[in-house]
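Take a look at the letters that make up each chain.
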Amino acid sequence: MNLSYSLLNIELKHRFTIAAGSRKFTPIALVIIEHQGIKGYGEASLPPYLGEDHTSVESFFGKINLSKFKNPEQIIEIIEYVHRADEGNYAAKAALDIALHDLLGKYLNIPLHKHFGLKKEKAPYTSYTIGMDQPAVLKEKILEAEGFRYLKIKLGSENDRKIIEFVREVTNVPLYVDVNQGWKDKYFAIDMINWLARHNVILVEQPLPKEMIEETALITEQSPIPVIADEAVQTSDDIEFISGAYSGINIKLMKCGGINEAIDMINTARRFNLKIMLGCMTETSCAISAAAQISPLADFADLDGNLLIKNDPFEGVKTADGKIILNDMPGIGCNLLDNSSDKL
């Protein structure tokens, strides 16, 4: 097997603002793992909070030698080797994991969801994410999301109530809200969540800083809607520790290191009676298609990262009125666009 990669930036349609900061692009690494003329595609999305960048990804890939593996069906052995190569580097590991799964599906000539015994009809509806912005831009973003059954609204500022009130002037669709650790007081959070529930908000992500476990447990106990851990949980090793404080977890391939670990997280979370959200960063259709393959296992989905960018080099999984539509292509279900072939 042969590994190659390219480093580039994906451009966002709108400036993306959350409680932690704002950006107009996201660095990514696109990966190919090739075996007997078959190409598996993978991706590492590198938003600032992950702590990875082009330099760290390139350094990590330099430690990987796949030539000693002779068959894509050795995927578990290969992934274990990748994870032993160095600590951290979860997005870089996710890129290799995704490419290996894509390669395996193509090698076996089967869509990945079928390989896992999942039915594409059970893929959920995804939310469409609306970052913080001025009212005129918020309205533009909401109109772009027409047809989606759920919107995900970014909160965590002093204007949270005004944002929701404005959103409600434009649409009545159910909302997810993501605070990104933006609230600091448990009593304020309890009051806000009860107010949000009266405005047809159906879940809240990471209302308090991840370190505030006891305070979050109190919020969850009193919340009328699910409280989902995002920054507070990265891999399956974190789940038992946070299980009493949240209603569910947000699993992202870039956070946890790929599909293999994501499935392990789902299985672990179910043992603790936690709900599953399958989420994403700003990503191309490569990583989104990969996550979508296991979306039938999720209660909630936020797999819209490819819809928020301008220069997607892939074509893959689609949505219809927000429902994830899994195709029958082998592997993760995406193709590199002809005009993007020079990027890899």
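Everything here concerns the structure above.
Residues numbered from 1 in each chain as written. Predicted model: local features only at pLDDT ≥ 70, side-chain atom pairs only at ≥ 80, totals over all residues. Heavy atoms only, no water.

J.: Which parts of the structure should I look at to understand the overall build of the protein?
T.: For the protein, the count of helices and strands is twelve helices and 15 strands. Scaling as 2.2 N^0.38, a compact globule of 344 residues should have a C-alpha radius of gyration of about 20 Å, and the protein matches this with 19 Å. If you line up the protein on its principal axes, its C-alpha atoms span 60 × 40 × 40 Å. Of the contacts formed within the protein by residues at least 6 apart in sequence, a portion of 67% connects residues at least 24 apart. Between the mean site of the 36 positive side-chain charges and the mean site of the 47 negative ones, the protein shows a separation of 3 Å. (Helix = DSSP H or I, 4+ residues; strand = E, 2+ residues; numbered from the N terminus. Rg over C-alpha atoms; globule rule 2.2 N^0.38 Å. Contact = heavy atoms within 4.5 Å. Lys, Arg positive; Asp, Glu negative; His and termini not counted. Charge placed at Lys NZ, Arg CZ, Asp CG, Glu CD.)

J.: Could you clarify how one ought to interpret the nonpolar core in this entry?
T.: A general feature of soluble globular proteins is that nonpolar side chains tend to end up buried together. I153 and I249 are the most contacted members of the largest nonpolar core, which totals 113 residues. In terms of residue count, helix α3 (residues 90–108) provides more of this core than any other element does, ten residues in total. Not counting residues up to four positions away in its chain, the partners in contact with I249 are I228, A229, V233, I239, I242, M265, A269, L274, K275, I276 and M277. The next biggest cluster of nonpolar side chains, apart from the first, holds five residues, and it includes Y176, L203, I228 and M277. (Core = buried A, V, L, I, M, F, W, Y, C linked by side-chain atoms within 4.5 Å. Buried < 20%, exposed > 50% of the residue type's maximum accessible area, 1.4 Å probe, protein only.)

J.: I keep staring at the sheet that holds strand β10 (residues 275–279) and nothing clicks. Help me out?
T.: The pairing of strands in a sheet comes from backbone hydrogen bonds and takes either a parallel or an antiparallel form. Across the sheet, which stays open at both edges, the eight strands sit in the order β4-β5-β6-β7-β8-β9-β10-β11 with parallel pairing between neighbours. The sheet terminates laterally at β4 (128–130) and β11 (300–301), the two strands that pair on one side only. One ladder, built from four bridges, connects strand β6 (residues 175–178) with strand β7 (residues 201–205); its direction is parallel. When the bridges of β7 are listed, Y176 appears paired with L203. (Pairing = 2+ DSSP bridges.)

J.: So what exactly am I meant to see when it comes to the pairing of strand β2 (residues 21–35) here?
T.: Relative to β2, strand β1 (residues 2–18) runs antiparallel, the two sharing 13 bridges. What sits directly across from S6, in β2, is L30. In this sheet, strand β3 (residues 38–45) lies alongside β2 in antiparallel orientation, the contact comprising eight bridges. Within the sheet, the bridge partner assigned to I32 lies in β3 and is Y41. As consecutive antiparallel partners, β2 and β3 are separated by two residues, and within that stretch Q36 has a phi angle of approximately 50°, a positive value.

J.: Looking at this structure, how should I read the sheet that holds β2?
T.: Taken in spatial order, the three strands of this open sheet run β1-β2-β3, and their pairing is antiparallel. Looking at the sheet topology across the chains shown, the edges are occupied by β1 and β3. On average, adjacent strands in this sheet sit at an angle of 20° to one another, irrespective of strand direction. Of the strands in this sheet, β1 and β2 are in contact with helix α1 (residues 54–61), which crosses β1 at around 160°. (Axes fitted to C-alpha atoms, helices over the stretch in contact; angles between N-to-C directions.)

J.: What is the right way to look at the state of the cysteines in this model?
T.: All told, the structure shown has zero disulfides when counted by the stated rule. Sulfur of C280: no disulfide; nearest cysteine sulfur belongs to C256 and is 13 Å away. Left unpaired, C334 is separated from the closest cysteine sulfur, that of C286, by 4.5 Å. Take C334: its relative accessible area is 0%, and that puts it in the buried class. (Disulfide = S-S within 2.5 Å.)

J.: Honestly, the environment of Q36 in this entry has me stumped. Any pointers?
T.: By secondary structure assignment, the location of Q36 is in the loop between β2 and β3. On the accessibility criterion, Q36 (65% relative accessible area) is exposed. Separated by 295 residues in the primary sequence, Q36 and G331 place their C-alpha atoms 15 Å from one another.

J.: Just checking my understanding: could you explain the packing of aromatic side chains for this structure?
T.: For any pair of aromatic rings, geometry is given as the distance between the ring centres together with the angle between the planes. All chains considered together, the criterion is met by eight aromatic pairs. Measuring from centroid to centroid gives 5.4 Å for Y41 and F314, while their planes differ by 70°, and the two rings are edge-to-face. Of this pair, Y41 sits in strand β3 while F314 is found in strand β12 (residues 314–315), placing the two residues 273 residues apart along the sequence. Feature note: the residues Y5, F60 and F61 constitute an aromatic cluster, connected by ring pairs. Here K323 stacks its cationic end above the ring of Y125, 5.6 Å away from the centre of that ring. (Phe/Tyr/Trp six-rings, centres within 6.5 Å; stacked < 30°, edge-to-face > 60°. Lys NZ or Arg CZ within 6 Å of the ring centre and 35° of its normal.)

J.: It is not clear to me how the pattern of salt bridges should be interpreted in this structure. Could you clarify?
T.: For side chains of opposite charge, pairing can occur when their charged atoms come near one another. Applying the stated criterion across every chain, the model contains 13 salt bridges. The residue D86 makes a salt bridge to K63 at a minimum N-O spacing of 2.5 Å. One end of the pair, D86, is in the loop between α2 (75–84) and α3; the other, K63, is in the loop between α1 and α2, and 23 residues separate them in sequence. Among the residues examined, D86 registers a relative accessible area of 28% and is labelled partly exposed. By relative accessible area, which is 41% here, K63 ends up partly exposed. A cluster of three or more residues bridged by salt bridges with shared partners is formed by K152, K154, D178, E205 and D302. (Salt bridge = Lys/Arg side-chain N within 4 Å of Asp/Glu carboxyl O.)

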